[in-house]
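# Fold and contact review
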Amino acid sequence: MSNFLQYTIFGVMVGAGYAIAATGLVVTYTTSGVFNFAQGAVGMVAAYCYWELVVGHNLPVWLALVIVLVVGAAISGALVERVLMRRLHGATAERPVMVTLGLLVILTGAATLIWSPTTERLVNNMVGGQFRLVGINIQYQEVLIIGIAVAVAVALRVLFYSTRTGYALRAVVDDPELLAMSGASPNRMSQYGWIIGFMMAALAGVLLAPTQTTGINIESFTLLVVNGYAAAIVGRLKNIPVTFVAAIGIGLA
């Protein structure tokens, strides 16, 4: 019984990481109509950058998070939307998909050049220690990941359905001209969506990195975050609560 509970906690924790990446996919698709196949690669690069800052340069965890999430991921998301995706407005559906697949290849190739795949890279937990509950040991890192995933899901739900910006984000794909008439910029809303999507991918990568007991790996870590794709599909690329529950189910499975 204790083994079952231990694996259940671990499964929920991994599923929570999938949920964060999947909600980023949902946000990107909702605001641009594009399924970002590079989501896993973004999380992988973020994990390596986090390792580089914390382990390689001994920066505090909080500062590394600010650099990776607020600076790196946010700026990268804004640039991808402005330089790549905005030029494809009105193009056939397959062209944006091909661009995100190309971005996936570019990111994995760049990571291979920067970080040698033969070098082992272990990431320590952001918070150390553990406690016992119902006869099993639960790490504070696991609680942190689950808590952040729940907070992200709730915050995005509130953003999309209880704020003016959220209404604009949901409307940008359906009727950008009507949105522009209301005073909101469709381009800016779409850019916000890509920024949030990249930040969620990076957050998932950083949180899941310490769970890799053999160290982070370019191919396996990219595919690890890809598990969130299935959760996003179950949520029909628009329902964040359903996406969250599906991700937890995948983690448990």
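In this text, all values refer to a predicted model and were calculated from it rather than measured experimentally.

## Observations regarding the nonpolar core
Counting 75 residues, the largest nonpolar core has Y50, V68, I216 and F221 as the members making the most contacts within it. The element contributing the most residues to this core is helix 8 (residues 186-208), with twelve residues.

## Focus on the pattern of salt bridges
Counted according to the given criterion, the structure contains one salt bridge. Put simply, R86 and E81 hold a salt bridge, and the shortest N to O gap is 2.8 Å. Note on R86: relative accessible area 22%, which makes it partly exposed. The class of E81 is buried, set by a relative accessible area of 2%.

## Regarding the packing of helix 3 (residues 61-85) against helix 8
Across the interface, helix 3 lies against helix 8 with an axial gap of 8 Å and an inter-helix angle of 140°. In terms of their interaxial angle, helix 3 and helix 8 are classed as oblique. Relative to helix 8, helix 3 is oriented so that their crossing is right-handed. For the contact of helix 3 with helix 8, the class distribution of residues is 16 nonpolar, five polar and two charged.

## Quick look at the packing of aromatic side chains
Here the structure, examined in full by the defined rule, presents six aromatic pairs. Centre to centre, the rings of F37 and Y229 are 6.1 Å apart; their planes meet at 80°, and the pair counts as edge-to-face. One end of the pair, F37, is in the loop between helix 1 (2-32) and helix 2 (39-56); the other, Y229, is in helix 9 (residues 218-234), and 192 residues separate them in sequence. Among the aromatic residues, those joined into a ring-pair cluster are F35, F37 and Y229. Over the face of the ring belonging to W51 we find R121, whose NZ or CZ atom lies 5.0 Å from the ring centre.

## Let's talk about the pairing of strand 1 (residues 130-133)
Summarising the sheet, strand 1 and strand 2 (residues 136-139) pair through four bridges and their orientation is antiparallel. For R132, the partnering residue across the bridge sits in strand 2 and is N137.

Cut-offs applied
- Residues numbered from 1 in each chain as written.
- Predicted model: local features only at pLDDT ≥ 70, side-chain atom pairs only at ≥ 80, totals over all residues.
- Heavy atoms only, no water.
- Core = buried A, V, L, I, M, F, W, Y, C linked by side-chain atoms within 4.5 Å.
- Buried < 20%, exposed > 50% of the residue type's maximum accessible area, 1.4 Å probe, protein only.
- Helix = DSSP H or I, 4+ residues; strand = E, 2+ residues; numbered from the N terminus.
- Salt bridge = Lys/Arg side-chain N within 4 Å of Asp/Glu carboxyl O.
- Axes fitted to C-alpha atoms, helices over the stretch in contact; angles between N-to-C directions.
- Parallel < 35°, antiparallel > 145°, perpendicular 65-115°, else oblique.
- Left-handed = near helix turned anticlockwise from the far one by under 90°.
- Nonpolar A, V, L, I, M, F, W, Y, C, P; charged D, E, K, R; others polar.
- Phe/Tyr/Trp six-rings, centres within 6.5 Å; stacked < 30°, edge-to-face > 60°.
- Lys NZ or Arg CZ within 6 Å of the ring centre and 35° of its normal.
- Pairing = 2+ DSSP bridges.

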